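# Understanding the architecture of this molecule
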Amino acid sequence: MPTYTFTPRLNDNGMMNNPYWYANNPFWQAQTTPPHDYGLPNCTCYAWGRVLEILTEAGYPNPYQEVYNNLCPHFQNAYTWDTDTLWTVSSEPALGAVAVYDTTDSSGTIIGTPGHVAVVEEMPDPNTITLSESHYGQVYFDTRTVTRSNGWYTAGWYVRFKGFIILPISVTPGGSYDLIVLLAAMLRKKKRKKGGLI
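Residues numbered from 1 in each chain as written. Predicted model: local features only at pLDDT ≥ 70, side-chain atom pairs only at ≥ 80, totals over all residues. Heavy atoms only, no water.

Moving on: helix α2 (residues 43-57). Each turn of an α-helix holds 3.6 residues, which means side chains three or four residues apart point in the same direction. If you check α2, its first and last C-alpha atoms are 21 Å apart, about what 15 residues at 1.5 Å a residue would give, namely 21 Å. With respect to burial, α2 is a largely interior element, 13 of its 15 residues being buried. Positive backbone phi, at 80°, marks G59, one or two positions downstream of α2. (Helix = DSSP H or I, 4+ residues; strand = E, 2+ residues; numbered from the N terminus. Expected span 1.5 Å × (residues − 1). Buried < 20%, exposed > 50% of the residue type's maximum accessible area, 1.4 Å probe, protein only.)

Laid out in structure tokens, this is it:
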């Protein structure tokens with residue numbers, strides 16, 4: 001089985017006008033004339049494009065169709081992704097996984113929409129991850145390091161963690177991953193409770 005090296009994205013090098021985030025990205029395409037309000041900066045546009053980048057680099061068969069059909073088939077706000085996806089959702093992080101969050105108010109009350117999504121780029125230990133992300137109408141790209149003890153988010157960031165969407169690839173602790181096409185197909189057929197975590 002072929003093995004590929006996972007390369008974390010820790011900056012925005014090569015993103016500008018890259019089809020992953022622009023011409024081939026359904027969030028950028030959502031508005032056919034400028035200013036493309038759902039394109040970058042926007043967490044959903046970023047995460048969708050980053051997942052496509054990861055699967056393409058891994059040599060995944062038909063990566064565009066895989067992401068288009070399974071990551072968030074209804075292309076809704078970020079907080080819906082964990083219930084909309086056809087991939088596995090877990091409470092445990094993995095390299096390349098998409099972290100999904102609800103929005104809260106300053107008191108911690110769940111508002112839900114619009115939520116937030118970010119991509120796991122590094123895991124120096126089981127309790128610490130580095131996320132890459134974009135922010136609607138604000139920051140084009142940034143990274144942040146979050147910990148399990150803080151609920152996978154940072155103080156002052158009005159969100160609540162919901163789950164990690166696990167990509168249909170197996171990631172080894174050393175930062176490489178094996179392609180598992182059959183497992184991905186099996187996982188799509190496996191019934192799971194709506195909104196449940198594994």
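What the rule picks out here adds up to 12 aromatic pairs. Aromatic side chains Y20 and W21 sit 5.8 Å apart centroid to centroid with 80° between the ring planes, which places their arrangement in the edge-to-face category. The burial state of Y20 is the same as that of W21; both residues are buried. Taking the centre distance of 6.2 Å and the plane angle of 65° together, the rings of Y22 and W28 count as edge-to-face. Residue class for W28 comes out partly exposed when judged on its relative accessible area of 24%. (Phe/Tyr/Trp six-rings, centres within 6.5 Å; stacked < 30°, edge-to-face > 60°.)

For the rest of this paragraph, the subject is the sheet that holds strand β2 (residues 89-90). The six strands are arranged β2-β7-β3-β4-β5-β6 in an open sheet whose pairing can be described as antiparallel. Strands with a single pairing partner mark the edges of an open sheet, and in this sheet they are β2 and β6 (142-147). Inspection of the sheet shows strand β5 (residues 128-133) paired to β6 by six bridges, in the antiparallel sense. Directly across from I129, in β6, lies its bridge partner V146. Packing against the sheet, α2 makes contact with β3 (98-104), β4 (110-125) and β5, and its axis sits at approximately 35° to β4. (Pairing = 2+ DSSP bridges. Contact = heavy atoms within 4.5 Å. Axes fitted to C-alpha atoms, helices over the stretch in contact; angles between N-to-C directions.)

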